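# Understanding the architecture of this molecule
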Amino acid sequence: MATSAMDIEAPETPVPNQNGNSKTNVEKPIKTRNWPLILINCALVSCGSIGGPLLMRLYYLHGGNRKWFSSFIASAGFPILIFPLMFLFFRSKSSADKISSSFWLEQKLFLRSAILGILYGLVTFMYALGLSYIPVSTSTLLMATQLCFIAIFSWLIVKQKFTAFIINAVVVMTLGSVLLGINTNGDRPVGVSKSQYLLGFLVTLAAAALAGLIMPLIELSFSKAINNLTYSSLLQFQFILSLSSTIVCVVGMLANKDFQAIPREANDFELGKARYYIIMVVTAIVWQLSGVGTVGVIFYTSALFNGILGSVLIPLTGVAAVIFYHESFTALKGMALALCLWGFCSYFYGEYKMTKKVIAKVENEPNKVLGDQEEPYNL
């Protein structure tokens, strides 16, 4: 992660709250990076990006085929957030400065998280549908295009600076997804027709586009917050988002009569009934932790960096799928992966050059650089 000019200490400048809004003028250093929480949230995202697809594919490989149910699992783990929220609530209530009144999420953020949850429910369904027809490695590489959509929507929605290096990443990663589309026979799972494979390809790509829209909207929601946001605010935001998404999936399950089919599916599951439910519970927890990490990474860095982080994890997920499920890794898929890595390197090299430029400006003209806080430099 690159270091921005706002990470440099200044003797007297407006101190921004955690979403970047200036509050008051006090003589203290500007600190916009909470590194322990950034690392924790990155670890949570890593857990979900690798474990989530593998667990979902395990469900499909051994007899599962309920699309709405698997998308329901992707957001149904939100009750586990009740425990940390209770702890944070009682801690704030007993604190010396009596800040318990600021614990609750403000109304506008509540509404935005509910709306984004509806969109996320659609993403999880499209992703689950696509994963039922294509291998994990192909699905993961397709979801890599999410970075392209995040970059574009971040530029449009939150005014993210769009450099030549980001443009290069968008182009080469899009080319990588086109290569995957050409390969409609080489890695098609047994029992999946060519039309089903193509459907899975297109639906997964659409899920990546919609997810790429949601991430900058989350960042925009945080930037519009009136009050200072805390980690309890992030957990509440994720809780409402997941609850809203779960409701969407429950409606789909009712329409598809999944609740009647789940007991039968569990009895016929190749790994056994008990393992069926264990896999579902573990998958729900893994996805929920990943969701918490995603919201945290966006809050403490940016939506674009969250997309970069998810993309960096793609090779690990693909290797894990090859190891555990013995999926084929064709030449075209390898070329697509190489193009994705090229895009990642392009982005990070651009950030490295930007960092050197910012540091040079701070050293030469510190007052001018630190006073210019409108620069759309997010990492």
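Here's a quick rundown of the structure. No experiment lies behind these values; they were computed from the predicted model shown. (Residues numbered from 1 in each chain as written. Predicted model: local features only at pLDDT ≥ 70, side-chain atom pairs only at ≥ 80, totals over all residues. Heavy atoms only, no water.)

Further remarks concern unusual backbone geometry. At lysine 159, a position not held by glycine, the phi torsion is positive, near 60°. Relative to the assigned elements, lysine 159 resides in the loop between helix H6 (146-157) and helix H7 (164-182). The phi torsion at lysine 257 lies on the positive side, around 60°, for a residue other than glycine. Along the polypeptide, lysine 257 turns up in the loop between helix H9 (231-256) and helix H10 (258-268). The exposed category is assigned to lysine 257, whose relative accessible area is 55%. (Helix = DSSP H or I, 4+ residues; strand = E, 2+ residues; numbered from the N terminus. Buried < 20%, exposed > 50% of the residue type's maximum accessible area, 1.4 Å probe, protein only.)

Below, the discussion takes up H6. Look at H6: 16 Å from first C-alpha to last across 12 residues, which is about the 16 Å you get at 1.5 Å a residue. Along H6, the residues classified as buried are Gln146, Leu147, Cys148, Ile150, Ala151 and Ser154. Of the residues trailing H6, lysine 159 is marked for its positive phi of about 60°. (Expected span 1.5 Å × (residues − 1).)

Take the environment of leucine 309 next. Looking at the secondary structure, you find leucine 309 in helix H12 (residues 303-312). Once the C-alpha coordinates of leucine 309 and leucine 147 are considered, the two residues, 162 residues apart in sequence, prove to be 9.3 Å apart. Leave out the neighbours within four places in its chain, and leucine 309 touches Cys42, Val45 and Val297. (Contact = heavy atoms within 4.5 Å.)

Relative to the elements of secondary structure, lysine 67 occurs in helix H2 (residues 67-73). Take lysine 67: its relative accessible area is 18%, and that puts it in the buried class. Taking the C-alpha atoms as reference, lysine 67 lies 9.3 Å from threonine 124; in sequence the two are 57 residues apart. If near-sequence neighbours (up to four positions away) are discounted, lysine 67 is found in contact with Tyr60, Phe125, Ala128, Leu129, Ser132 and Tyr133.

Following the criterion strictly, the structure yields 16 aromatic pairs and no others. Ring geometry for tyrosine 59 and phenylalanine 69: centres 6.3 Å apart, planes at 65°, overall edge-to-face. Remark: phenylalanine 69 occurs in helix H2 and tyrosine 59 occurs in helix H1 (residues 35-61); sequence separation between them is 10 residues. The exposure classification of tyrosine 59 matches that of phenylalanine 69, with both residues buried. Ring geometry for phenylalanine 269 versus tyrosine 276: centroids 5.1 Å apart, planes at 70°, classification edge-to-face. Since its relative accessible area comes to 4%, phenylalanine 269 is described here as buried. What links up through ring pairs into an aromatic cluster is the set Tyr59, Tyr60, Phe69, Phe72, Phe269, Tyr276 and Tyr277. (Phe/Tyr/Trp six-rings, centres within 6.5 Å; stacked < 30°, edge-to-face > 60°.)

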